Amino acid sequence: MRETLGDSTIATANVVAAGYFRSYAVVGLLAVVGVLFVAVAFGAGRLLRPVVPTPEKLLTYECGVDPVGEGWAHTQVRYYVYAFLYVIFAVDSIFLFPWATVFAAPGYGATTLVEMFIFLGFLAVGLLYAYKKGVLAWT
């Protein structure tokens, strides 16, 4: 009787794990379909567009006006860092809500807890980077 109970427990764990990884397979399949959709759209655009290069089309322009001066301009890096911080916190909040629902489901506690600590480690590295760059200092 002890062996039968152990075998059924292992079988149940295998079924739970299979369902868990099947959901990742659906996400992976959706990502592949998305990439194929974009590739087909770009390929169709490349095949169907007319290609008639004229000297006017090859000129550089800014908002419909001929450019004046050189094309080099300084870009503020701080905007990139603010965008980076936004992405860190946006992804954090997007990931926490589904994680909380899955964590409450029976059989997923330890796995989702480990995944969350890995994710929080990546988040901490991003925040440490922002701190080292001095972005978190209020000016």
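Rules and cut-offs
- Residues numbered from 1 in each chain as written.
- Predicted model: local features only at pLDDT ≥ 70, side-chain atom pairs only at ≥ 80, totals over all residues.
- Heavy atoms only, no water.
- Helix = DSSP H or I, 4+ residues; strand = E, 2+ residues; numbered from the N terminus.
- Buried < 20%, exposed > 50% of the residue type's maximum accessible area, 1.4 Å probe, protein only.
- Contact = heavy atoms within 4.5 Å.
- Areas by Shrake-Rupley, 256 points an atom, 1.4 Å probe, with all protein chains shown as cover.
- Core = buried A, V, L, I, M, F, W, Y, C linked by side-chain atoms within 4.5 Å.
- Patch = residues over 30% accessible without salt bridge, like charges linked within 9 Å, V, L, I, M, F, W, Y side chains within 5 Å.
- Salt bridge = Lys/Arg side-chain N within 4 Å of Asp/Glu carboxyl O.
- UniProt positions renumbered as here; feature names shortened; annotations may be inferred.
- Expected span 1.5 Å × (residues − 1).

Draft legend 1. Quick peek at the overall build of the protein chain. Helix and strand content of the protein chain: 3 helices and 0 strands. Scanning the protein chain from its N terminus toward the C terminus, one meets helices and strands in the order α-α-α. In the protein chain, which comprises 139 residues, the proportion classed as buried is 10%. Sequence-distant contacts in the protein chain: of pairs separated by 6 or more residues, those separated by 24 or more amount to 62%. Split by element, the accessible area of the protein chain, about 12,400 Å² in all, is 73% carbon and sulfur.

Draft legend 2. Spatial organisation of the nonpolar core. Ranked by size, the top nonpolar core spans 6 residues in total: Val81, Leu85, Ile88, Leu123, Ala130 and Val135. When contributions to this core are tallied by element, the ones reaching two or more residues are helix 2 (78-104) and helix 3 (109-133). Per element, the largest residue contribution to this core is 3 residues, and it comes from helix 2.

Draft legend 3. View of a nonpolar patch on the surface. There is a patch of nonpolar side chains on the surface, built from Phe103, Leu113, Phe117 and Leu120 and spanning about 350 Å² of accessible area. Counting residues per element, the nonpolar patch draws most heavily on helix 3, which supplies 3 residues. Mapping Leu113 onto the fold places it in helix 3. For Leu113, a relative accessible area of 35% gives the class partly exposed.

Draft legend 4. A look at the UniProt feature "transmembrane region" (unreviewed entry) in the protein chain. In this structure's numbering, the residues bearing the UniProt feature "transmembrane region" (unreviewed entry) are residues 24-48, 79-100 and 112-131. Between the C-alpha atoms that bound residues 79-100 there is a distance of 32 Å. The span itself is 100% helix and 0% strand.

Draft legend 5. The arrangement of helix 3 in detail. Compared with the 36 Å implied by 1.5 Å per residue over 25 residues, the 36 Å span of helix 3 between its first and last C-alpha is a close match. Taken together, the buried positions of helix 3 are occupied by Thr112, Met116, Phe119, Leu123, Gly126 and Ala130. The first or second residue beyond helix 3 is Gly134, which carries a positive phi of 80 degrees.

Draft legend 6. Structural context of the environment of Phe119. Within the fold, Phe119 resides in helix 3. Put simply, Phe119 and Phe95 are 24 residues apart on the chain and 8.9 Å apart in space, counted from C-alpha to C-alpha. Those residues in contact with Phe119 that sit more than four places away from it in its chain are Val91, Asp92 and Phe95.

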